[in-house]
Amino acid sequence: MRMFSRFRKNEDARQEMKLRSAATALAAVAVIILGAGFFMLVALASGYIKTTGTYTTTKLVAGSYSSTVECSGSIEPIRVTDVNTKATGTVTAVYVQDGQYVKQGTVLFEIQDAGADAQAITASVSGTVMNMMVAMGMTSDQLAQAGMAMQIADMNVLVGVVQVPEYVSVLLEDGQYANVTSTVTPGVHYKGMLTGLSKDSGSSSLTSSGQALYDASIMFDNPGSLKVGDPIDAQMR
């Protein structure tokens, strides 16, 4: 009888210890959950965690899906050379104009410092003059502020440059097919291929909602009658 009583007491003690352990574990879990909830509230209130809006879930239906990225841009020359000079003084003569074709070595303009001979600035490459900044009477300081005197572009190789929103740029990669159209040539479709996507933050622009826009380059099989500056719309998939 005494042995049974001792056994009973030992069993009761073990049950009590189990209950205490379970209660302690539950209390620890509750503390963790409450602490996490409190942290989230504090983080939201302080701005460390930001909500981006509401979302709607839609039931996924079996079938085939395709992703097409549509964007706009313009035709640009693939090779453009800036014309600069370290000569000081004042521009005394300008011999070229926008749209003019020049050969390598052609004198573009002259600049002269007081009491010195005029220095001739020549073309380092052949191509078409564009984006002229230089003008008669400009000083070397004004040219330096302009960043360049002009540009010389190789018009033989054209590329389409379109702007792609950051949130869809992840869908694009080099080699993707592009279907290009232009309002300048209604009804005409040009085949192209994505050859580059620049994610340089220094050259990207922003949408009205603050999304970054990246430049994507499209090479054409045949640009046809497209010219520099023509607007284009591209579909890439």
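Cut-offs and rules
- Residues numbered from 1 in each chain as written.
- Predicted model: local features only at pLDDT ≥ 70, side-chain atom pairs only at ≥ 80, totals over all residues.
- Heavy atoms only, no water.
- Helix = DSSP H or I, 4+ residues; strand = E, 2+ residues; numbered from the N terminus.
- Buried < 20%, exposed > 50% of the residue type's maximum accessible area, 1.4 Å probe, protein only.
- Contact = heavy atoms within 4.5 Å.
- Areas by Shrake-Rupley, 256 points an atom, 1.4 Å probe, with all protein chains shown as cover.
- Core = buried A, V, L, I, M, F, W, Y, C linked by side-chain atoms within 4.5 Å.
- Salt bridge = Lys/Arg side-chain N within 4 Å of Asp/Glu carboxyl O.
- Polar contact = N/O pair within 3.5 Å; in protein donor to acceptor, adjacent residues only side chain to side chain.
- Pairing = 2+ DSSP bridges.
- Axes fitted to C-alpha atoms, helices over the stretch in contact; angles between N-to-C directions.
- pLDDT = per-residue confidence, 0-100.

This part covers the overall build of the protein chain. When its secondary structure is counted, the protein chain shows three helices and 12 strands. When each of the 237 residues of the protein chain is scored for burial, the buried share is 27%. At a minimum sequence separation of 6, the contacts of the protein chain that also span at least 24 residues come to 65%. Summed over all atoms, the accessible surface of the protein chain reaches about 16,200 Å², with 56% contributed by carbon and sulfur.

Next up on the list: the nonpolar core. In this structure, Val162, Val164, Val180, Ile218 and Met236 are the most contacted members of the largest nonpolar core, which totals 19 residues. Looking at this core, the elements that each hand over two or more residues are strand S1 (69–83), strand S7 (150–165), strand S8 (177–181), strand S9 (190–198), strand S11 (212–220) and strand S12 (231–236). Residues in contact with Ile218, not counting those within four places in the same chain, are Val159, Gly160, Val162, Ala178, Val180, Gly192, Met193, Thr195, Ala234 and Met236. Of all hydrophobic cores here, the second largest spans 18 residues; its members include Val102, Ile111, Leu143 and Ala149.

Before going further, it helps to spend a moment on the pattern of salt bridges. Throughout the structure, instances matching the rule amount to one salt bridge. The residue Asp154 makes a salt bridge to Arg79 at a minimum N-O spacing of 2.7 Å. Of this pair, Asp154 sits in strand S7 while Arg79 sits in strand S1; the two residues are 75 residues apart in sequence, bridging distant segments of the chain.

Before going further, it helps to spend a moment on the side chain of Ser182. With respect to the helices and strands, the residue Ser182 is situated in the loop between S8 and S9. At 3.2 Å, the side chain of Ser182 and the backbone nitrogen of Val184 are in polar contact.

Now for the sheet that holds strand S2 (residues 90–94). Pairing in this open sheet of three strands is antiparallel, and the strands run S2-S4-S5 from one edge to the other. Taken across any chain shown, the strands that pair with only one partner, and hence form the sheet edges, are S2 and strand S5 (119–122). On average, each strand axis in the sheet is tilted by 30 degrees relative to the strand beside it, whichever way the strands run. For S2 and strand S4 (residues 107–112), the ladder comprises four bridges, and the chain directions are antiparallel.

Next up on the list: the confidence of the model for the protein chain. When pLDDT drops low, the exact placement of atoms in the prediction is not to be read closely. Summarising the model, the protein chain shows a mean pLDDT of 80, and 68% of its residues fall at 70 or more. The low-confidence segment residues 1–7 (pLDDT under 50) makes one contact with residues lying over four places distant or belonging to another chain.

Remember that side chains alternate between the two faces of the sheet whenever the strand is regular. The buried fraction of S7 is high, at 12 of 16 residues. Here S1 runs beside S7; their pairing, made up of 11 bridges, is antiparallel. Counted as the bridge partner of Gly73 is Val162 from S7. Relative to S7, strand S6 (residues 127–130) is paired through three bridges, and the arrangement is antiparallel. Note on S7: the bridge partner recorded for Met130 is Gln151.

The next point concerns unusual backbone geometry. Of note, the phi angle at Asn131 is positive, near 50 degrees, even though the residue is not glycine. Residue placement: Asn131 occurs in the loop between S6 and helix H2 (140–146). Exposure remark for Asn131: the relative accessible area of 37% places this residue in the partly exposed category.

Turning our attention to the side chain of Thr128. Residue placement: Thr128 occurs in strand S6. Excluding residues that lie within four positions of it along the chain, Thr128 makes contacts with Gly99, Gln100, Tyr101, Gln151, Ile152, Ala153 and Met155.

A few words now on the environment of Lys199. Tracing the backbone shows Lys199 in the loop between S9 and strand S10 (205–206). Counting along the chain gives 30 residues from Lys199 to Ser169, while the straight-line C-alpha distance between them is 9.0 Å. Not counting residues up to four positions away in its chain, the partners in contact with Lys199 are Ser169 and Tyr214.

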